[in-house]
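Letter by letter, the chains look like this.
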Amino acid sequence: IYLFDALSGKPVGDGKPLAHKIEIVEIALDQGGQLNERKIAFIDKNRDLYISPVRKFGKEQISIKIGSMVHTLAWNDVSNILCGIQDNRFTVWYYPNVAFVDKELLPKTISEKDGSEYSKSPQIISFVGNKVTIRKSDGCLVHTNISSYPAILHDYSSTAKWNDALRLCRFVK
């Protein structure tokens, strides 16, 4: 995967491509947050989901597997929340970047619910705010909502409103 800056046309990072040993079938780029913290998520032919930092300099590209049997995925429009349909479950990774810090914390940041209503090969069309739009294999659009609290927490932490973030955590428990 080659990544370029849309404004300048220059390669992102050190210009080396993101390499993966297996064919990649779907790619999604994180559009929210700071530029140097953005991630790219991709699904390979085995339906394994990996995330990797977009910007890298002088070190080997790190791709971390965070899911398996993932059919489709999408990033949130404003925060780095990732959703996907994984083995007939609608899965939301509220903070997938935690996999780069401590992979054991990743399961604590995941929310799952039954996704059998989405049929055999669904496709996530959009993930705006806390609303996800999914196209079923018959063409019908299905809408589902996720909790709005993690997006609010992302906003508080990015603007250093720590007292508000702590108050929200205590409220939600």
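Refer to the structure printed above.
This section reports on the structure supplied with the text. (Residues numbered from 1 in each chain as written. Predicted model: local features only at pLDDT ≥ 70, side-chain atom pairs only at ≥ 80, totals over all residues. Heavy atoms only, no water.)

Moving on to unusual backbone geometry. Not every positive phi belongs to a glycine, and Ala160 is a case in point at roughly 60°. With respect to the secondary-structure elements, Ala160 resides in the loop between helix H1 (149-158) and helix H2 (162-172). On the basis of relative accessible area, Ala160 is assigned to the partly exposed category, the value being 49%. Despite not being glycine, Lys173 shows a phi value in the positive range, around 65°. Residue position: Lys173 is located in the segment after H2. (Helix = DSSP H or I, 4+ residues; strand = E, 2+ residues; numbered from the N terminus. Buried < 20%, exposed > 50% of the residue type's maximum accessible area, 1.4 Å probe, protein only.)

Approximately 710 Å³ is the volume attributed to the largest pocket. For the lining of the largest pocket, the elements supplying multiple residues, two or more each, are H1 and H2. The element best represented in the lining of the largest pocket is H1, accounting for eight residues. A breakdown of the residues in the lining of the largest pocket according to their chemical character gives twelve nonpolar, ten polar and four charged. (1 Å grid on protein atoms, 1.4 Å probe; cavity = no way out; pocket = protein on both sides within 12 Å on 5 of 7 lines; lining within 4 Å. Points joined across faces, edges and corners; volume = space filled by probe spheres on them. Nonpolar A, V, L, I, M, F, W, Y, C, P; charged D, E, K, R; others polar.)

A few words on the sheet that holds strand S7 (residues 89-93). Strands in a sheet are paired, the pairing made by backbone hydrogen bonds, and the direction either parallel or antiparallel. Strand order in the open sheet made by the four strands is S5-S6-S7-S8, with antiparallel pairing throughout. Looking at strand neighbours, the two that pair on one side only are strand S5 (70-75) and strand S8 (110-114), the edges of this open sheet. On average, adjacent strands in this sheet sit at an angle of 20° to one another, irrespective of strand direction. (Pairing = 2+ DSSP bridges. Axes fitted to C-alpha atoms, helices over the stretch in contact; angles between N-to-C directions.)

By themselves, these observations are geometric and do not establish any function.
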